[in-house]
Amino acid sequence: MSDTRIPATQDAATSANAVTEPLEETIWEEKVSLLDRIPRAISMAFVFAVFVGLWHGATSLGLVSPIILPTPAETLKDIIFVGKNLLAGEYMLPALWITILEVIYGFALAVAIGFSLGVLVGETVFGERAIMPYLVAIDTMPKVAFAPLFVAWLGFGIESKVALAAFIATFPIVVGTAAGLHSADENARMLFKTMGATRWQTLVKMKLPLALPQIFTGLKIGAVGVMAGAITGEFLGGGKGFGELIRVAASQLNTPRVFSLILYLSLLGLALYALVTFAQRRVVFWQKTTAAASHD
Amino acid sequence: MSSVVATPSSESIAADTAVYSLNRVGKTYARNQVVALEDVSLTLKKGSFSSVIGSSGCGKSTLLKIMAGLIPPTTGRVELQGKPVVGPRRDIGMMFQQATLFPWRTTIQNIVLPIEIRDGRDAANKAKERAHELLDVVGLNGFADVYPNELSGGMAQRASICRMLITEPAVLLLDEPFSALDELSRDMMNMELQRICSEQNATAFLVTHSIAEAVILSDDIYVMKPRPGRLAEVVNVDLPRPRTLDMITTPKFGSIVDYIRGLLDKGESL
Ligand SMILES: Nc1ncnc2c1ncn2[C@@H]1O[C@H](COP(=O)(O)OP(=O)(O)O)[C@@H](O)[C@H]1O
Ligand SMILES: [Mg+2]
């Protein structure tokens, strides 16, 4: 064995000394498709341009009636018009403000109720057994169908919209909180038991912090739902909000206006979502790396 | 059940007092009627290091949980320092396979957590001085204010040793504490554990499925047989202390390992 090995090592040594000849390197490049190499901003701009181009083509060639689909230029003009109106504080601003209030109240209500119910269901066996089945049953219903009820109970003011918005947003928060409270593993539970922790200490110092990532997932879904709830409420229950402006514009066949109002609404939705995400980064700071990883 | 009597050593008479005693302990899980333990009796002497070894699923963790007061036994009696164990107790420290540090707390905040739970925040703040000393002991000074996701597996396990020691428990119950670590860190941690136990004169009870680990650390090794889990034999290890990793290559070490392996194989064929 050793006899055959020694010449081999000597061989290696001599060839290492005679390294003057160029080394054959084995560097190779991983194949990445050209499309995947484009930076995000440019990719997004590209898709946007294609979209607007198709849109422009379809409308300027007269393939679609302008009542159904206005040209991009008309839409842009109206977006600017609405923007100016809002900035100048003219009639659209109070409408937007009403919708914002509905969203804020609705979300606050959903967080308060959703979190409390979530803790009840996630922390107590009774809640799990007695309350969860009802929550699941209601959650499977199309919740906007309740809108007429809320109008009948609470009238045509902001209250019925807040109620519908909160109603829709509550469920994901309940589910997130309850599921999050179950995320503590056996070791963590045993550890707290050996330390002689009370139920309250276990909840506050262990289960709730461990539940935070899932609570925030529920909050994000709720933030989307609260917007949908407020606008649906306005469509079905009147009032003076942004949804009402959309309804009026649509009934006047003012399609560019509908489009630009939707754009401003989605900005509002994005702002709420961003706010929740910002809070999550702050509160669940230890999750930072995983959050960043999942976005890239 | 045969028992090899411990050789009288230079230890004082006080060291011979029983800290823990289990008398005919049995456990049947009600959920699935699994008989996890049957008729387990053992006595741990103060300052001694004992291990329990056995195949996976033979009831080692169950035994430890009963000793820790985490679950009640179905039959039998558990006593710690003369008082029956009827729930978690201050004088028991426990460690698991996972370090289970909480990511929103810095290392030192994790370590003083047991104090915070038992005696409140002020006491926890006062205990930080002691926590720093413990961090020194396990070679983690400089990592007090770091969050756990910046610690390696071995470092996290060291921190969890500190958390266990901060309350100065009379007994340490260790459930495969280092089995998630690579072999090199594991050897190092075992030597560290030995040092800490002798410095603090702690009574330790270690669950492991590594024969070598059991032999290098223990005075007594309880060999368990599965289905139902019961003690087959107590093997006394009379290698001198402090133990070193070199001892692994000695014939005596080898013969003890072989003996235990033989017992375990017999258990398998039952
Ligand atoms: N909470 C439990 N409920 C029901 N059966 C259990 C429970 N915990 C453990 N067992 C059963 O008891 C036996 C012993 O388990 P355990 O003590 O965890 O073994 P080990 O730690 O030696 O691997 C196994 O058969 C396991 O399936
Ligand atoms: Mg186990």
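One can find the structure itself at the top, above this paragraph.
If you're wondering where the values come from, they're calculated on a predicted model, not measured in any experiment. (Residues numbered from 1 in each chain as written. Chains lettered and ligands numbered in written order. Predicted model: local features only at pLDDT ≥ 70, side-chain atom pairs only at ≥ 80, totals over all residues. Heavy atoms only, no water.)

Draft legend 1. Up close: the overall build of chain B. The secondary structure content of chain B amounts to eight helices and 11 strands. A compact globule built from 270 residues would reach a C-alpha radius of gyration of about 18 Å, and chain B, at 18 Å, matches this within 12%. Overall size of chain B, expressed as C-alpha extent along the three principal axes, is 50 × 45 × 40 Å. A separation of at least 24 residues holds for 71% of the contacts in chain B among residues at least 6 apart in sequence. For chain B, the computed accessible surface area is about 12,100 Å², with 52% contributed by carbon and sulfur atoms. Positive and negative side-chain charges of chain B, numbering 29 and 31 respectively, have mean locations separated by a distance of 7 Å. (Helix = DSSP H or I, 4+ residues; strand = E, 2+ residues; numbered from the N terminus. Rg over C-alpha atoms; globule rule 2.2 N^0.38 Å. Contact = heavy atoms within 4.5 Å. Areas by Shrake-Rupley, 256 points an atom, 1.4 Å probe, with all protein chains shown as cover. Lys, Arg positive; Asp, Glu negative; His and termini not counted. Charge placed at Lys NZ, Arg CZ, Asp CG, Glu CD.)

Draft legend 2. Structural detail: the sheet that holds strand S6 (residues 83-84) of chain B. All names here are of chain B. If you trace the four strands from one edge of the open sheet to the other, you get S3-S2-S5-S6, paired in antiparallel fashion. If you trace the sheet from one side to the other, it starts and ends with strand S3 (34-45) and S6, each paired once. With respect to the sheet, helix H1 (residues 60-67) is in contact with strand S2 (18-29), S3 and strand S5 (75-80), its orientation differing from that of S3 by roughly 60°. (Pairing = 2+ DSSP bridges. Axes fitted to C-alpha atoms, helices over the stretch in contact; angles between N-to-C directions.)

Draft legend 3. The arrangement of the environment of A:Glu244 in detail. Residues and elements named next belong to chain A. Tracing the backbone shows Glu 244 in helix H11 (residues 242-251). Take Glu 244: its relative accessible area is 16%, and that puts it in the buried class. Considering only alpha carbons, one finds Glu 244 and Gly 233, 11 residues apart in sequence, at a separation of 9.6 Å. Once residues within four sequence positions are removed from consideration, Glu 244 is found in contact with Glu 234, Gly 238 and Gly 239. (Buried < 20%, exposed > 50% of the residue type's maximum accessible area, 1.4 Å probe, protein only.)

Draft legend 4. Highlighting the packing of aromatic side chains. Counting across every chain of the model gives 12 aromatic pairs over all chains. Between A:Phe285 and A:Trp286, the aromatic rings sit 5.2 Å apart at their centres with planes inclined by 85°, giving edge-to-face as the arrangement. Take A:Phe285: its relative accessible area is 29%, and that puts it in the partly exposed class. A centroid spacing of 5.1 Å and a plane angle of 70° characterise the contact between A:Phe285 and B:Tyr147, whose relative ring orientation is edge-to-face. Of the two residues, A:Phe285 is situated in the loop between helix H12 (255-283) and helix H13 (288-295) and B:Tyr147 in the loop between helix H4 (128-137) and helix H5 (153-165); the pairing between them involves two chains. The exposure class of B:Tyr147 is partly exposed, given its relative accessible area of 28%. (Phe/Tyr/Trp six-rings, centres within 6.5 Å; stacked < 30°, edge-to-face > 60°.)

Draft legend 5. Molecular detail of the site of ligand 1. Residue and element names in this part refer to chain B. Around ligand 1, 13 residues are found, and the nearest of them are Arg 31, Gly 57, Lys 60, Ser 61 and Thr 62. Between an oxygen atom of ligand 1 and a main-chain N or O atom of Gly 57, the distance comes to 2.7 Å. Cys 58 is positioned with one of its backbone polar atoms (N or O) 3.3 Å from an oxygen atom of ligand 1. The protein chains hide 69% of the 560 Å² of surface that ligand 1 would expose on its own. Of all elements in the fold, only S3 and H1 reach the threshold of two or more residues within the shell around ligand 1. With three residues, H1 is the largest single contributor of residues to the shell around ligand 1. When grouped by side-chain class, the residues that make up the shell around ligand 1 number four nonpolar, seven polar and two charged. (Near = heavy atom within 4 Å. Polar contact = N/O pair within 3.5 Å; in protein donor to acceptor, adjacent residues only side chain to side chain. Nonpolar A, V, L, I, M, F, W, Y, C, P; charged D, E, K, R; others polar.)

Draft legend 6. Inspection of helix H6 (residues 125-139) of chain A at higher detail. Along its 15 residues, H6(A) runs 20 Å from first to last C-alpha, staying within 8% of the 21 Å computed at 1.5 Å per residue. At A:Ile131, H6(A) shows its largest bend, some 45°, and a proline, A:Pro133, comes one to four positions later. (Expected span 1.5 Å × (residues − 1). Bend = angle between axes of the 7 residues up to and from the residue.)

Draft legend 7. Focus on the interface of chain A and chain B. Listed by partner, the interface residues are 18 residues for chain A and 21 residues for chain B. A per-residue breakdown of the area chain A buries against chain B is headed by A:Thr194, A:Met195 and A:Lys205, which together make up 32% of the total. The interface formed by chain A and chain B contains two salt bridges. Ionic pairing is found between B:Lys65 and A:Glu186, a salt bridge with its closest N-O pair at 3.2 Å. Counting the contacts that link chain A with chain B gives seven residue pairs in polar contact (both at pLDDT 80 or more). Only helix H9 (186-194) and helix H10 (199-237) of chain A provide two or more residues apiece to the side of chain A that touches chain B. Of all the elements, H9(A) adds the most residues to the side of chain A that touches chain B, at eight residues. Classifying every residue of the side of chain A that touches chain B by side-chain character gives 11 nonpolar, four polar and three charged. (Buried area = accessible area lost by both parts, 1.4 Å probe. Salt bridge = Lys/Arg side-chain N within 4 Å of Asp/Glu carboxyl O.)

Draft legend 8. Representation of the nonpolar core in the model. A:Phe242, B:Tyr20, B:Leu42, B:Leu63, B:Met67, B:Leu173 and B:Phe205 are the most contacted members of the largest nonpolar core, which has 84 residues in total. When residues of this core are assigned to their parent elements, the largest contribution, 13 residues, is made by H10(A). In this structure B:Leu63 touches B:Leu22, B:Leu37, B:Val40, B:Leu42, B:Val52 and B:Phe205, once residues within four positions along its chain are discounted. In this structure, B:Met95, B:Ala156, B:Cys197 and B:Ala204 belong to the second largest nonpolar core, which totals 56 residues. (Core = buried A, V, L, I, M, F, W, Y, C linked by side-chain atoms within 4.5 Å.)

Draft legend 9. Structural detail: the pattern of salt bridges. This model, assessed by the stated rule, comprises 21 salt bridges over all chains. A salt bridge links B:Arg241 to B:Asp219, with the shortest nitrogen-to-oxygen separation between them at 3.0 Å. Here B:Asp219 lies in the loop between helix H7 (211-217) and strand S10 (220-225) and B:Arg241 lies in the loop between strand S11 (230-236) and helix H8 (251-269), a separation of 22 residues in the sequence. Three or more residues joined by partner-sharing salt bridges are found here, namely A:Lys205, B:Arg105, B:Glu116 and B:Arg121.

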